[in-house]
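One-letter residues, chain by chain:
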Amino acid sequence: MDDIQILIVDYGSQYTLVIGRTLRELGVRGIILPVKKADKWLKHNTPKAVILSGSNWSVHNDGAPGLPKMLDITGKKYLILGICYGMQLLAHKLRGVVEKPFLHREYGPAEVSVNKKHPLFKNVKEKTKVWASHGDTVIALPKGFISIAKSKGIAAMSNKNNRVLGIQFHPEVIDTTEGKKILQNFLTLSKCDKDWNPINLIHQIQKEVLEVVKNKSNVILGFSGGVDSTTLARILSPVLGKRLICVAIDTGGFRENELIELKENAKNAGVKKLIVISAAVEFIKNISKTIDGEEKRKKFRVVYQRIFEKQIKKHNADFIVQGTLATDIIESGKIGQSVMIKTHHNVGLAWKVKDLHPFRNLFKYEVRELARALNLPKSVYERNPFPGPGLYLRVVGTPVSKEKIKLVQEADKTVTDIIKKYGLTKNISQLIVALLGVNSVGVKGDERVYGHSLAIRAVQTADFMTVKGYYFPEKIVNEIISALTKHKNIVRVFFDMTPKPPATTEFE
Ligand code: XMP
């Protein structure tokens, strides 16, 4: 593999891995490291460019992370781009002024006027829509720098020879309409060559796993039949053969048909050995006592791990491999300095054997690309995601029971069928049908009913770091309500269009 051309220094922004992904979409790989590791890495490597990520920190806070000591801040060795906190850090270090002016705070969509003559903004509209999320702002530039974009304040800066750059907004977020163009201009300026290619990555993953597991060990793969574990199984089965033992757990929280699809996808992936463990009773028993989302997730993990450890022992395996994605790792607070949003069922578990996460730097979007490159069927690479804890996360604010799971399972099928009937599947990245712990009064056939409420949430997104609520046409809203309230115990249906942030995709 060629040398890494771009170093991304992670200051803990939720968007750091999105920078890496966007660069890959533009054909270039990058390495993401927290400051101390970046410092060590820079001792032995000279990239073509360094990107400093955003952060929750203010440069004025005690303990705020600084620049890697080894960083050549003149920009002579490599191009430097500071994004948000990264720009503030550069400005602060080079004796500009960073403050928190009340009127300059921006959270969410904003409009910026750019200097089109600057190469960073080549072919970008003079007034362009961006995604901003910052309290601090650079209010005075360091000596030798010019402002190259404006919003309410300085939105971007550059030194005179265009080697040290700063942008206050986030070009990596999809809501920055021309963000990709800006990053492409940055790649052009840094003279990076294209070096990302899915086939190379597949070979790299096979090599990386083989190097670790060697020729003898058995490997357990946590298989759910979703795009991630199916693609991973497809990548590893040719090199591991029968030594790859795919273990699926029927948690009792599956959607209708999930088990059938899971088995089909194991075949699609060329899996030689699939073991399905039925564990619904064990999961319900452990999870039904709590309604707290985070507690539920933690209990789910304990049972999940217990079952896997048994299989690891039974099959004398030395490794467990999982299709964990970058998104799961970031939101579990396990990458760099990221804040914990929720405990994912399979991230950060202390296994008795070594655990491998070959997709740890990838996003769903990229895994779908790998699946396509591997000629897996469309039903795999276009499959909507479904969380490991399944329908347990979709009984919200009320204890989980077998009956409530069944009710959500049926409701999910009803709404999914309506979406399919209207050909809307392509427009929706994920559908969530949840039973809410809100019982209320209804009237059916002249009789009072005291029954359940359901929430319908359809979202659109590229990477699940941010999502937008999908608005169903009125006719379909009415059809969904009518179909769901036919159930004798359902009296109310709510539609949830809240974006992420501030909400998350799942309810808990
Ligand atoms: P959130 O709710 O964090 O969800 O915005 C982002 C994406 O991740 C899925 N998700 C999970 N997937 N185990 C998983 O395998 C989990 O514990 C988990 N929690 C959320 C969620 O369905 C969405 O696609």
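Everything numeric here is computed off the predicted structure, so don't read it as measured data.

K.L.:
I would appreciate a short explanation of the overall build of the protein chain in the present structure.
P.N.:
When helices and strands are counted, the protein chain shows 14 helices and 21 strands. Scaling as 2.2 N^0.38, a compact globule of 508 residues should have a C-alpha radius of gyration of about 23 Å, and the protein chain matches this with 25 Å. With respect to the three principal axes, the spread of C-alpha positions in the protein chain is 75 × 65 × 40 Å. Looking at the protein chain as a whole, 57% of its 508 residues are labelled buried. Restricting the contact set of the protein chain to residue pairs at least 6 apart, pairs at least 24 apart contribute 75%. Per element, the accessible surface of the protein chain, about 22900 Å² overall, is 52% carbon and sulfur. Across the protein chain, 79 positive and 49 negative side-chain charges occur, with their mean positions spaced 3 Å apart.

K.L.:
Before we go on, may I ask you to explain a positive patch on the surface in this structure?
P.N.:
Together, K36, K37, K40, K43 and K69 give the surface a local cluster of positive charge. As for its position among the elements, K36 is in helix 2 (residues 35-44).

K.L.:
I would appreciate a short explanation of the site of the ligand in the present structure.
P.N.:
Looking at the ligand, there are 15 residues lining it, with K342, Q430, K500, T505 and E506 nearest. Here an oxygen atom of the ligand and a backbone polar atom of G388 are 3.2 Å apart. Between the ligand and the protein, one listed contact pairs an oxygen atom with a side-chain N or O atom of K500 at 2.7 Å. When the ligand sits alone it has 500 Å² of accessible area, and the protein chains cover 93% of it. Grouping the amino acids of the shell around the ligand by side-chain chemistry returns four nonpolar, six polar and five charged.

So, how was this worked out
Residues take numbers from 1 onward in each chain, read along the sequence in its written order. Predicted model: local features are reported for residues with pLDDT of at least 70 only, side-chain atom pairs are reported and counted for 80 or more only, and whole-chain, interface and lining totals are derived from all residues. Side-chain numbers come from the whole structure's heavy atoms, not from hydrogens or water. By the criteria applied, helices consist of DSSP H or I runs no shorter than four residues and strands consist of E runs no shorter than two, each listed in order from the N terminus. Our radius of gyration looks at C-alpha atoms and nothing else; its globule reference is 2.2 Å times the residue count to the power 0.38. Three exposure classes are used, based on accessible area relative to the maximum for each residue type with a 1.4 Å probe and protein chains only: buried under 20%, partly exposed in between, and exposed over 50%. Throughout, a contact is declared for two residues whenever any of their heavy atoms are within 4.5 Å. Where accessible areas are quoted, they stem from the Shrake-Rupley method and a 1.4 Å probe; at the residue level, only the protein chains shown are allowed to cover. We treat Lys and Arg as the positive residues and Asp and Glu as the negative residues; His and chain ends play no part in the count. We put the charge of a Lys on NZ, of an Arg on CZ, of an Asp on CG and of a Glu on CD. Each patch groups residues whose relative accessible area exceeds 30% and which form no salt bridge, using 9 Å between like charges and 5 Å between nonpolar side chains of Val, Leu, Ile, Met, Phe, Trp and Tyr. The working definition used for a salt bridge is a side-chain nitrogen of Lys or Arg within 4 Å of a carboxyl oxygen of Asp or Glu. We call a residue near a molecule or strand as soon as one heavy atom of that residue lies within 4 Å of the molecule or strand. Here a polar contact is taken to be a pair of N or O atoms separated by no more than 3.5 Å, where protein atoms must pair a possible hydrogen donor with a possible acceptor and residues adjacent in sequence count only if both atoms sit in side chains. Three classes are used: nonpolar for Ala, Val, Leu, Ile, Met, Phe, Trp, Tyr, Cys and Pro, charged for Asp, Glu, Lys and Arg, and polar for all others, with Gly counted as polar.

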